[in-house]
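# Notes for the structure review
Here is how the chains run, residue by residue.
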Amino acid sequence: VQVGWVVKDLDSVVDYWEKLGLKNIQRDGVRDFPDVRYHGKKVPIKMKMAFADIGGVQIEWIQPVQGHSLYDDFLDKHGDGVQHLAYRMPTPAVMNQQIGYFHVRGIDVVQSGTWKAKNGEGRFAYLDTAPRGGNITIELMYNPDVTAGGETPTLNEEPFNKIIQYALVVPDVHK
C-alpha cells in the first residue's frame, strides 16, 4: 500500500516531483514519534514527512530530523532512495500474527512505533530483510483511519495514475 522514500532534503525532492507533474502532494511538516523503538531501545524521533497517491499506492517521503533511526542508517549507507514497501494490516491482532510469522523465519522487528490517528492508535513495524537476501525493508502498518479497501482515488494523470511494477536490483538473484 506504500512505497517509502528516505531523503536528506524533503522539500527539494517533493518540489522536483511536483515539477514532474505529480499532483496533490500533502506536506505534513515535522512530526514527533515519541515512542519509537529501534533495535529494542526507545528512541524518540522527529521526521519531516510528505505523502502522495499514485493509483491507490501511497508514496511517503521521510526526512529524519532528530533522533537516530533506521532512516538515518539507510541514508548513511545508500543516500536518498526507496527504503521500504509497506503492507496494510487490517487489525492489530493480524499485525502481531504477521510479526510472529516473520520472526519464525529469522526476520525480526528492527524499528517500531505508534502514532495518534483520528480513530485510534496507528502502529508500524519495520522488518529488515536485506541482511538475509530480501534487499528491502518491509513495513507492516495498522492504520485505524483506513477502511477496508482503503484506496483513495488518484488526482494524477499519465504517467502518475497507476504503479504497474516494482523492480528490485540485487547483487545475487539466487540469494
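Up top you'll find the structure we're talking about.
Below is a short write-up of the structure. If you're wondering where the values come from, they're calculated on a predicted model, not measured in any experiment.

What counts, and at which threshold
Residues numbered from 1 in each chain as written. Predicted model: local features only at pLDDT ≥ 70, side-chain atom pairs only at ≥ 80, totals over all residues. Heavy atoms only, no water. Helix = DSSP H or I, 4+ residues; strand = E, 2+ residues; numbered from the N terminus. Buried < 20%, exposed > 50% of the residue type's maximum accessible area, 1.4 Å probe, protein only. Contact = heavy atoms within 4.5 Å. Areas by Shrake-Rupley, 256 points an atom, 1.4 Å probe, with all protein chains shown as cover. Core = buried A, V, L, I, M, F, W, Y, C linked by side-chain atoms within 4.5 Å. Pairing = 2+ DSSP bridges. Axes fitted to C-alpha atoms, helices over the stretch in contact; angles between N-to-C directions.

Here we come to the overall build of the chain. A tally of helices and strands in the chain yields three helices and ten strands. Here the chain holds 175 residues, and 40% of them are scored as buried. For the chain, long-range pairs separated by at least 24 residues make up 60% of all intrachain contacts whose partners lie at least 6 apart in sequence. As displayed, the chain offers around 10,200 Å² of accessible surface, 52% of which is attributable to carbon and sulfur atoms.

The next thing to look at is the nonpolar core. Within the largest apolar cluster, 21 residues are counted, with the highest numbers of intra-cluster contacts made by Phe 33, Ile 45, Met 47, Tyr 71 and Tyr 126. Those elements that provide at least two residues to this core are β5 (45–54), α2 (70–78), β8 (109–117) and β9 (120–128). If we ignore the near neighbours within four places in the chain, the residues touching Tyr 71 are Val 6, Ile 45, Met 47, Ile 62, Pro 64, Gln 83, Gln 111 and Tyr 126. Judged by nonpolar contacts, the second largest core, of 16 residues, contains Val 14, Ala 52, Val 57 and Ile 136.

Attention shifts here to the environment of Ala 130. Counting through the fold element by element, Ala 130 comes out in the loop between β9 and β10 (137–142). A relative accessible area of 29% means that Ala 130 is categorised as partly exposed. Sequence separation of Ala 130 and Ile 107 is 23 residues, and the distance between their C-alpha atoms is 9.8 Å. Ignoring anything within four residues of it in the chain, the contact list for Ala 130 reads Asn 135 and Ile 136.

Moving on, we come to the sheet that holds strand β6 (residues 57–66). Pairing is mixed in the open sheet, where ten strands are placed in the order β2-β5-β6-β1-β7-β10-β9-β8-β3-β4. Of all strands in the sheet, those bounded by a partner on one side alone are β2 (26–33) and β4 (41–42). Judged from the five bridges that link them, strand β1 (residues 2–6) and β6 form a sheet pairing that is parallel. Bridge pairing in β6 places Val 3 opposite Ile 59. Those strands touched by α2 are β1, β3 (37–38), β5, β6, β7 (81–88), β8, β9 and β10, and its axis lies near 145 degrees from that of β7. Here helix α3 (residues 92–104) sits on the sheet and contacts β8, β9 and β10; the angle it forms with β9, its principal contact strand, is near 10 degrees.

Keep in mind that these numbers describe shape and distance, not what the molecule does.
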